[in-house]
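Structural overview for review
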Amino acid sequence: MNVSISYFVNFTQLYHLINKKIIIMAFKLPILPYAHDALNPHIDTATMEIHHGKHHAAYIAKLNAAVSGSEMEGKSLEELIKNHTNVATIRNNGGGHWNHSLFWTVMNPTGGGTPQGTLAAAIDDAFGSFEKFKEAFSNAGATQFGSGWAWLCVGIGGKLEVCSTANQDNPLMPGLGCEGFPILGLDVWEHAYYLNYQNKRPDYINAFFNVVNWEEVSRRFNEAK
Ligand code: MN3
């Protein structure tokens, strides 16, 4: 009896091995740069665990599956999302991987407050004041219909701009009317806030400002110049 069960299991496993496409895991889930509970109470532990461990991981798995064995294999993530947005799986999952990889780094448990130095001056120059920037960015996130992202970008010409995009689109993708180098991004998909804030997206956006890692945003700003 035991022998026949064992034979059956092995046969089933063999069947799956033969039929399974071998997927090269070119892209990997980045390690969260702080603990899942580090952003409490602004962003809750369960949201961080699911968002990073399930949602972000799923974008990467689907991206790897789409790229593996295709003519896109071996291309960088930036190259994929800049040049292959006509392929829906690349646009959605490549965008998802890029956007979330940015998102984790622009938050920090010791974040919040206001930016300093050249970034602070550039924000004042572009928006009038930090408060006016915050209002424009919050408004972009709050009014993005359905799922999407709010962005602070270094636009073409070097000036800071605020905009929003749908789904997993981002300002690196051509033709969105929102082009530039993103230095701050905020995920406004319901999965980013619903457990803690339900339908109150503006409360989530307000809380986000308590954890913004302005040092990292400044570093990106200087890199973009
Ligand atoms: Mn998300």
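Residues numbered from 1 in each chain as written. Predicted model: local features only at pLDDT ≥ 70, side-chain atom pairs only at ≥ 80, totals over all residues.

Right, let's talk about the sheet that holds strand 1 (residues 148-155) for a bit. Pairing is antiparallel in the open sheet, where three strands are placed in the order 2-1-3. The open sheet terminates on both sides in strands that have one partner only, identified here as strand 2 (160-166) and strand 3 (180-187). In this sheet, neighbouring strand axes are inclined to one another by 30° on average, regardless of whether the strands run parallel or antiparallel. (Pairing = 2+ DSSP bridges. Helix = DSSP H or I, 4+ residues; strand = E, 2+ residues; numbered from the N terminus. Axes fitted to C-alpha atoms, helices over the stretch in contact; angles between N-to-C directions.)

Here we take up the pairing of strand 1. Where burial is concerned, most of strand 1 is hidden: seven out of the eight residues are buried. Bridging between strand 1 and strand 2 involves seven bridges; their strand directions are antiparallel. Bridge pairing links Cys 153 to Glu 161 in strand 2. The turn linking strand 1 back onto strand 2 is made up of four residues, and Gly 157 within it adopts a positive phi angle of 100°. (Buried ≥ 20, exposed ≤ 12 C-beta atoms within 10 Å, placed from the backbone.)

Leaving glycine out, the prevailing phi sign among residues is negative, and the prevailing peptide bond configuration is trans. The step from Asn 40 to Pro 41 runs through a cis peptide bond, and the omega angle for that step is 0°. Within the secondary structure, Pro 41 is located in the loop between helix 1 (2-19) and helix 2 (45-67). Within the chain, Asn 167 stands out as a residue other than glycine whose phi angle is a positive 55°. On the secondary structure map, Asn 167 appears in the loop between strand 2 and strand 3. Non-glycine residue Gln 198 carries a positive phi angle of around 50°. Here Gln 198 shows up in the loop between helix 7 (194-197) and helix 8 (201-208). Accessibility expressed as a C-beta count within 10 Å gives 11 for Gln 198, which makes it exposed.

Time to look at helix 8. Among the residues of helix 8, those classed as buried are Tyr 204, Ile 205 and Phe 208. The arc enclosing the buried residues of helix 8, seen along the axis, measures out at 100°, which places them on a common side. Its buried side turned inward, helix 8 meets helix 6 (130-143), strand 3 and helix 7. (Arc of directions from axis to C-beta. Contact = placed C-beta atoms within 7 Å.)

Along the chain, Ala 35 turns up in the loop between helix 1 and helix 2. For Ala 35, a count of 11 C-beta atoms within 10 Å translates into the label exposed. Through-space distance from the C-alpha of Ala 35 to that of Thr 45 is 8.7 Å; in sequence the pair is ten residues apart.

Moving on to the nonpolar core. Counting 34 residues, the largest nonpolar core has Ala 150, Trp 151, Leu 152, Ile 183, Leu 184, Val 212 and Val 217 as the members making the most contacts within it. If one sorts the elements of this core by residue count, strand 1 sits on top with six residues. Ignoring anything within four residues of it in the chain, the contact list for Ile 183 reads Leu 152, Cys 153, Val 154, Val 217, Arg 220, Phe 221 and Ala 224. Leu 63, Val 67, Leu 80 and Ile 90 belong to the second-largest nonpolar core, a separate cluster that totals twelve residues. (Core = buried A, V, L, I, M, F, W, Y, C linked by C-beta atoms within 7 Å.)

Let's shift gears to the packing of helix 6 against helix 8. Helix 8 packs onto helix 6 with a crossing angle of 145° between their chain directions and a minimal axis gap of 9 Å. Remark: the crossing between helix 6 and helix 8 carries right-handed chirality. Contact residues: helix 6 offers Ser 138, Gly 141 and Ala 142, while helix 8 offers Arg 201, Pro 202 and Ile 205. By residue class, the composition of the contact of helix 6 with helix 8 is three nonpolar, two polar and one charged. (Left-handed = near helix turned anticlockwise from the far one by under 90°. Nonpolar A, V, L, I, M, F, W, Y, C, P; charged D, E, K, R; others polar.)

Quick look at the confidence of the model for the chain now. Mean pLDDT over the chain stands at 91; residues scoring 70 or higher make up 91%. Across residues 1-19, confidence stays below pLDDT 50; counting only partners more than four residues off in sequence or on other chains, it has zero contacts. (pLDDT = per-residue confidence, 0-100.)

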